[in-house]
Amino acid sequence: MLSVVVSGLRGRWASFLGGFLALVLGVGLLTATGLGLAAALDPPARAPERFASSPVVVLGQDRLTVEVRRGPGTALVSRPLDRPQPVDAAVLRELRDRWTLTENPADVRHPDAVGLDAPAEEVRALVGDRARVLTGAERRRADPGHERDGHELTGLNALLGTAGGVAAFVSVFVVASVFAFSVALRRREFGLLRTAGATPGQVRRLLLAEATVLGVTASAAGCAFGGLAAPPMAGALVDRALAPEWFAHAVGGSAGWPYHLAFWTGLCVALAGAAAAAHRAGRTGPVDALREADVDRDVLPPGRALLGAGLLAAGIGLLVWTYATEPEALLKRKTYTTLPMLLTGGAALLAPLLARPVARLLPVPRGGAVGLLVRENGAAAVRRTAAVAAPVLVTVALAGTLFGASESVALAKETEARQRTAAPYVVEGPGLRIPPRTAGGAVVSASGPTSLFVRDGAEAVVKYGARAVSDPAAFAALARLPVVAGDLRRLDDRSIVVNEEFERRRVGEEVEVWRADGSGPVRLRVAAVLARGTGDNGPYVTRAQAPGSVPDRLESDRPLPAEAAAANGAGAGAAPAARNEAAATGLRLVLALVLLYTVIALASTLLMATSVRGPELASLRLAGATRAQALRAVTGEAVLAVAIGTVLGLGVTAAVLGALGAGLAALSAPVVLAVPWAQTGAAAGVCAVVAVAASALPAWRLTR
């Protein structure tokens, strides 16, 4: 059978080219992203910078440890503080009495870390649990760039994981679509094999053997391609400030698991894509060798219909359930990245069922025979139309949902930030100076970032990003927060303004809180409760509960003094929330990837479909159609299929953005939805251009 498989692949290489390229691209991307994840999860050992000459470093406490309930007993949980705290003064005295310390001259009075040359065990015995003792590579925890690297790696892991997941998701659809359409075109061939005595099992094994050869070859080529592409990819991420500088040199090391994962994933994708097609091919009867009609039959097998309906129902059900139980989750990137894939997958599987009614509804020019022919051919050849519409649907749906949800959340946050204050003058920037109270009689509200650690029941401790206000009276006068209970004017040094996420959120209740430096706990009375909004509504405390907080926002009812606005180059005016450029770059990367897959699928499908339409085009010419009319009919069908996929993709986008809008309304946040017409239009336009070219070239050759 192997010789039959190889000769078949050689003779029909054009039919398998699209699937082969899609697998090479998918496996290559999985390899490259896997190598990037391997480098990010296991970064190379780097020499410490701040205390390079000290074998032992004593670091101030950088974690809060609290005892919580775990079942019948208790356990200790730790949460990271915003920054390491100064080393305890008593510890410093004891260390200085025994050893010579290496200290930073800038913070010699209250250092957060000191270095020394001493036996580590003796230092640990002396320090106990009053500070952390670091040796070896752990000394990098005292470097100022350590926390920044951690944040960059978190975003990098999300970016690479999303790109790899989308690659696997789209690869399955492209490969399955190519195999399914190839089997449909080979119906008469399989009928001849059955007439010659081949059993259904032999036909299935033939197709699965073809998929295995294709998968092994493409996966091996993809692994080689991914290994070569990983270093340039890492360099591009570093150039765009999406990864630490050392990342470019760490990618492509000795990690072998990304190659294994990518290779076997590619092979499984090839076999999974061919399995359904092989089952259908095995059902081909000998009579199909004599069939000449091109009207499609049984375009939606029960298995595909069941799977598509299940995915569609699961996607809609999860959207409704998330909205009903946890609407704030609809605003998270993980939700609006994964849930649309269920809806997109279900709609793509049901494309043969949806293509015909959508084709009937779309406006097609009726001014002549060509328009009528385009509509009727598109509705009759459902399998061909659906094979073209499905990848377009995936592209438009992912472009619309990913960009639309991301932009909508960002706009909602910006609108909410503008609505949170009645001050006509706002200055933002790190380390602002608060003007004196006598500055023209202006009401000035200053606030800065801090963190609060709050018990969530008896089993957990939650870290909240909070705001610390300097003047509670000015804050209450200028704030326009969505208060659902209480009064902002009751905020003082012994109280707190919470939001609806807090377990204890009744006015007058006491909340147990640890401060940003780990001190506490203190019990603060709830002065007011805010709506949850987009996630930035509180909590609020005064600076008495926020040690180390420095104002980064000034709000005033009058123009602020120049020295306040010029403290760090900040300008006056409403300052919108900064956009996450890293997330936007990741979305553009994902869209480019999906668009490339779609181009491969469209070109492959239409080249196969049009190349076998010679008799049909010859009959059309004999009926009196000119060559130009025949070409317009073929390209018009391709454009109609692209339009069907675009409409279905916009339907998925509308469902996701509608759920997001409902979630924003449930959170009492501004409902500002951004439909990414530019991205969806560009994706549909590229698909249309590729579809026209891929159908016109073989049609032009056949009508010569």
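The rules we used
- Residues numbered from 1 in each chain as written.
- Predicted model: local features only at pLDDT ≥ 70, side-chain atom pairs only at ≥ 80, totals over all residues.
- Heavy atoms only, no water.
- Helix = DSSP H or I, 4+ residues; strand = E, 2+ residues; numbered from the N terminus.
- Buried < 20%, exposed > 50% of the residue type's maximum accessible area, 1.4 Å probe, protein only.
- Contact = heavy atoms within 4.5 Å.
- Salt bridge = Lys/Arg side-chain N within 4 Å of Asp/Glu carboxyl O.
- Expected span 1.5 Å × (residues − 1).
- Phe/Tyr/Trp six-rings, centres within 6.5 Å; stacked < 30°, edge-to-face > 60°.
- Core = buried A, V, L, I, M, F, W, Y, C linked by side-chain atoms within 4.5 Å.
- Patch = residues over 30% accessible without salt bridge, like charges linked within 9 Å, V, L, I, M, F, W, Y side chains within 5 Å.
- Areas by Shrake-Rupley, 256 points an atom, 1.4 Å probe, with all protein chains shown as cover.
- Polar contact = N/O pair within 3.5 Å; in protein donor to acceptor, adjacent residues only side chain to side chain.
- Pairing = 2+ DSSP bridges.
- Axes fitted to C-alpha atoms, helices over the stretch in contact; angles between N-to-C directions.
- Parallel < 35°, antiparallel > 145°, perpendicular 65-115°, else oblique.
- Left-handed = near helix turned anticlockwise from the far one by under 90°.
- Nonpolar A, V, L, I, M, F, W, Y, C, P; charged D, E, K, R; others polar.
- pLDDT = per-residue confidence, 0-100.

(A) Spotlight on the overall build of the protein. Looking only at helices and strands, one finds 20 helices and 15 strands in the protein. Out of the 704 residues in the protein, the part that is buried amounts to 49%. Across the protein, the fraction of contacts at a sequence separation of at least 24, relative to all contacts at a separation of at least 6, is 80%.

(B) Quick peek at the pattern of salt bridges. Applying the stated criterion to the full structure yields 16 salt bridges. With a shortest N-O distance of 2.9 Å, Arg532 and Glu328 are connected by a salt bridge. Residue Arg532 is located in the loop between β13 (522-530) and β14 (540-542), and its partner Glu328 is located in the loop between α10 (302-325) and α11 (333-349); the two are separated by 204 residues in the primary sequence. Its relative accessible area of 21% is what places Glu328 among the partly exposed residues. For Glu555, the salt bridge is made with Arg553, and the minimal N-O distance between the two is 2.7 Å. Linked through salt bridges whose partners overlap, the residues forming this network are Glu428, Arg553 and Glu555.

(C) Representation of helix α20 (residues 677-702) in the model. With 26 residues, α20 should reach 38 Å at 1.5 Å per residue; the first-to-last C-alpha distance of 37 Å fits that figure. Taken residue by residue, α20 has Thr680, Ala683, Ala684, Cys687, Val690, Ala691, Ala694, Ser695, Pro698 and Ala699 as its buried positions.

(D) Seen up close, the packing of aromatic side chains. Overall, the coordinates contain three aromatic pairs when judged by the stated rule. On the numbers, 4.4 Å between centres and 20° between planes, the contact of Tyr464 with Phe502 is stacked. One end of the pair, Tyr464, is in strand β9 (residues 460-469); the other, Phe502, is in the loop between β11 (495-499) and β12 (510-514), and 38 residues separate them in sequence. Comparing Tyr464 with Phe502 shows no difference in burial state: the two are buried.

(E) Representation of the nonpolar core within the structure. In terms of nonpolar packing, the biggest core is built from 34 residues, with Val170 and Tyr597 touching the most fellow members. Elements that contribute at least two residues to this core include exactly α2 (13-41), α5 (146-185), α9 (257-282), α11, α14 (382-419) and α17 (581-611). Here this core takes nine residues from α17, the largest share from any one element. Core analysis: the second largest hydrophobic core is formed by 31 residues, Leu330, Leu339, Ala397 and Ala669 among them.

(F) Seen up close, unusual backbone geometry. Even without being a glycine, Ser668 presents a positive backbone phi close to 60°. Residue position: Ser668 is located in the loop between α19 (627-666) and α20. What makes Ser668 partly exposed here is its relative accessible area of 46%.

(G) Representation of a nonpolar patch on the surface in the model. On the surface, Leu650, Val675 and Trp677 cluster together into a nonpolar patch covering about 290 Å² of accessible area. Tracing the backbone shows Trp677 in helix α20. Here Trp677 falls in the exposed class, since its relative accessible area comes to 58%.

(H) Expanded view of the environment of Pro119. Inspection of the secondary structure assignment puts Pro119 in the loop between β5 (113-116) and α4 (120-127). Spatially, the C-alpha atoms of Pro119 and Val56 are 7.9 Å apart, while their sequence positions differ by 63 residues.

(I) Summary view of the side chain of Glu555. Relative to the elements of secondary structure, Glu555 occurs in strand β15 (residues 553-556). Separated by 2.9 Å, the side chains of Glu555 and Thr421 make a polar contact. Setting aside residues no more than four positions away along its own chain, Glu555 makes contact with Thr421, Ala423, Tyr425, Val426, Val443, Val444, Ser445 and Leu478.

(J) Expanded view of the pairing of β11. Counting buried positions along β11 gives five out of five residues, so the element sits mostly inside the fold. Of the two faces of β11, the one holding Ser495, Val497 and Asn499 and the one holding Ile496 and Val498 are both buried throughout. Pairing of β11 with β13 involves five bridges; the strand directions are parallel. When the bridges of β13 are listed, Val497 appears paired with Ala528.

(K) Expanded view of the pairing of β9. By the bridge criterion, ten bridges tie strand β8 (residues 444-456) to β9 in an arrangement that is antiparallel. Note that in β9 the partner of Gly448 across the bridge is Ala468. In this sheet, β14 lies alongside β9 in parallel orientation, the contact comprising three bridges. Across the sheet, residue Ala468 finds its bridge partner in β14, namely Val541.

(L) Representation of the sheet that holds strand β6 (residues 132-135) in the model. The sheet built from four strands is open, its strands ordered β4-β5-β1-β6 with antiparallel pairing. A strand with exactly one partner marks an edge of an open sheet, and here the two such strands are β4 (101-102) and β6. Across the sheet, α4 lies against β1 (56-59), β5 and β6, angled at about 170° from β6, the strand it touches most.

(M) How the structure looks around the side chain of Thr337. Locating Thr337 in the fold gives a position in helix α11. For Thr337, a relative accessible area of 8% gives the class buried. Setting aside its immediate chain neighbours within four residues, Thr337 contacts Thr162 and Leu402.

(N) Expanded view of the packing of α19 against α20. Across the interface, α19 lies against α20 with an axial gap of 9 Å and an inter-helix angle of 150°. If you check the angle between α19 and α20, you find them roughly antiparallel. The interaxial crossing formed by α19 with α20 has right-handed handedness. Contact residues: α19 offers Arg627, Leu631, Val634, Thr635, Ala638, Val639, Val642, Thr646 and Leu650, while α20 offers Trp677, Thr680, Ala684, Cys687, Ala688, Ala691, Val692, Ser695, Ala696, Ala699 and Trp700. For the contact of α19 with α20, the residue count by class is 15 nonpolar, four polar and one charged.

(O) Here's a closer look at the confidence of the model for the protein. Of the residues in the protein, 86% have a pLDDT of 70 or more, and the chain-wide mean is 81. Here helix α16 (residues 562-565) is the element of the protein with the lowest mean pLDDT, 56, and β14 is the one with the highest, 94. A low-confidence stretch, residues 566-579 stays under pLDDT 50, and its non-local contacts, those more than four residues away or across chains, total 24 contacts.

(P) Layout of the environment of Leu657. Of note, Leu657 is situated in helix α19. Owing to a relative accessible area of 5%, Leu657 belongs among the buried residues under this scheme. Counting along the chain gives 256 residues from Leu657 to Thr401, while the straight-line C-alpha distance between them is 7.0 Å. If near-sequence neighbours (up to four positions away) are discounted, Leu657 is found in contact with Gly404, Ala405, Ser408, Leu673, Ala674 and Val675.

(Q) Inspection of α11 at higher detail. Under the 1.5 Å per step criterion, the end-to-end length of α11 is 25 Å for 17 residues, consistent within 8% with the ideal 24 Å. Where burial is concerned, most of α11 is hidden: 13 out of the 17 residues are buried.

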